[in-house]
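Observations on chain architecture
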Amino acid sequence: MISYAECSARERLARVLDAGSFHEWLPPAQRVTSPHLAQLGVPSSFDDGVAVGRATLDGAPVFVAAQEGGFMGGGVGEVHGAKLVGLLRRALRDRPAGVLLLAESGGVRLHEANAGLIAVSEVMRALLDARAAGVPVVVLVGGANGCFGGMGIVAACADRIVMSDVARLSMSGPEVIEASHGVEEFDSRDRALVWRTTGGKHRALAGDCDALIEDDVAAFRAAAIAQLGRPRPLAVDALEAEHALLAARLAHATADAYDFWREIGIGEPRAVPDMTAAEVEALHAALAGDA
Amino acid sequence: MQPGLETLSYDFAGTRPAGAFAPVLVGVVGSGNLEVMLEASGDDRCRVAVETSARGFADTWRAVLEDFHARHGFAGVRVSINDMGATPAVVGLRLEQAVAQMGATP
């Protein structure tokens, strides 16, 4: 078993996709780097923190992007975002079997604030255009930096989300919430609190992700193959169902995920953090069956 | 150059032609880490370009890169580095990792 979280973006591409099938567009040797970072005295990266290209997954042609969390926390800058947009627009033209986003990002790269914000909004539009044209988009979340900010929204725009139990997915990150609302509201150093609020197990139980797996590159590959075959049509009734799910969640005015888990019918919520991914998936399926 | 970043370049005469090979990239530009890219240049030099956020270590870089060149003596290799304060030992290991991947499929 090889930890997905501990792999670099390029190691993930090598192990999730069919061996040797990844063909990169704008590879590092082309040096399409950030036009902003050097002016701020920050080193650039030859790929601006994201590798994009085409590959095969279980024989099916896919387009794929992998964000490198080690470079600026996976932050989306102008070039980084443009590479994601270009990939999705090319998918609209070439119609691969699907697009895989191996997301690991704190959101917009603050050094490139406005350009990064615009880039993320363009990624969302391009992603929804691809989905509307029938090209499914699957997001894999399993890096140590999680998937936050604008990339958290991008993930929520996709057909399917795969998470490991160490993955985190949310909008504002723990430090942001603490900085804006105080430590009484959210203690970002309380790792157990952070994970049961944003982590994979909570996302699975809340219905925010479609597959919860262990932190293993082979499990991510298997889940990506499975989810690629489960497109979610971008239609009004699906959007209304999503809105109903979110509206129902507002009724849970709970202070902690433990309370939320109890309210959705879990008898022993304190046992959840120690469960395996498969046990949480089974629990979620049992709850869905009761509903 | 730009404030904050230091750009360094080194040029060694090589004795071992590296020939043609696909570009190699190893490492990540993160705190205490660096990325190293090796490309074929087709000449008889081993040229190294470094961009680093840690200013004032040109002599240390020279020592690490001379040590690297003494081991391999490459001719026809372009080494490009983006550094965020890696220690000399980490730089040396990344260079060796890159060499190990030359000619291997990425």
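This one's a predicted model, so the numbers in the text were calculated from it and none came from an experiment.

What follows concerns the overall build of chain A. For chain A, the count of helices and strands is 11 helices and seven strands. Computed over C-alpha atoms, the radius of gyration of chain A comes to 19 Å, within 12% of the 19 Å expected from 2.2 N^0.38 for 291 residues, which places it in the range of a compact globule. Expressed as lengths along the three principal axes of its C-alpha atoms, the size of chain A is roughly 55 × 45 × 40 Å. Residues counted as buried form 48% of the 291 residues belonging to chain A.

Scored by pLDDT, chain B comes out at a mean of 94, with 94% of its residues at no less than 70. Both scores are given for the predicted complex: the pTM is 0.95, the ipTM 0.92.

This part is about the sheet that holds strand β5 (residues 45-52) of chain B. Residues and elements named next belong to chain B. Spatial strand order, β1-β5-β7-β4-β3: five strands in an open sheet with mixed pairing. Each edge of the open sheet carries a strand with a single partner, namely β1 (6-13) and β3 (24-27). Across the sheet, the mean angle separating the axes of adjacent strands is 15° when strand polarity is ignored. Judged from the eight bridges that link them, β1 and β5 form a sheet pairing that is antiparallel. Looking at β5, one finds that Glu6 is bridged to Thr52. Across the sheet, helix α1 (residues 58-72) touches β1 and β5, and the angle it forms with β1 is around 30°.

Listed as interface residues are 17 residues of chain A and, on the opposing side, 20 residues of chain B. A per-class count over the side of chain A that touches chain B returns nine nonpolar, seven polar and one charged.

Now for the sheet that holds strand β6 (residues 160-164) of chain A. In any sheet, the strands associate via hydrogen bonds between backbone groups, in a parallel or an antiparallel arrangement. Residue and element names in this part refer to chain A. Taken in spatial order, the seven strands line up as β1-β2-β3-β4-β5-β6-β7 in an open sheet, and their pairing is mixed. Two strands in the sheet have a free side with no partner beyond their single neighbour: β1 (23-25) and β7 (211-213). Pairwise comparison of adjacent strand axes, ignoring direction, gives a mean angle of 20° for this sheet. By the bridge criterion, four bridges tie strand β5 (residues 137-141) to β6 in an arrangement that is parallel. By the bridge assignment, Val141 is partnered in β6 with Met163. Here helix α8 (residues 217-228) sits on the sheet and contacts β2 (50-57), β3 (60-67), β4 (98-103), β5, β6 and β7; the angle it forms with β7, its principal contact strand, is near 170°.

Criteria and thresholds
- Residues numbered from 1 in each chain as written.
- Chains lettered and ligands numbered in written order.
- Predicted model: local features only at pLDDT ≥ 70, side-chain atom pairs only at ≥ 80, totals over all residues.
- Helix = DSSP H or I, 4+ residues; strand = E, 2+ residues; numbered from the N terminus.
- Rg over C-alpha atoms; globule rule 2.2 N^0.38 Å.
- Buried ≥ 20, exposed ≤ 12 C-beta atoms within 10 Å, placed from the backbone.
- pLDDT = per-residue confidence, 0-100.
- Pairing = 2+ DSSP bridges.
- Axes fitted to C-alpha atoms, helices over the stretch in contact; angles between N-to-C directions.
- Contact = placed C-beta atoms within 7 Å.
- Nonpolar A, V, L, I, M, F, W, Y, C, P; charged D, E, K, R; others polar.

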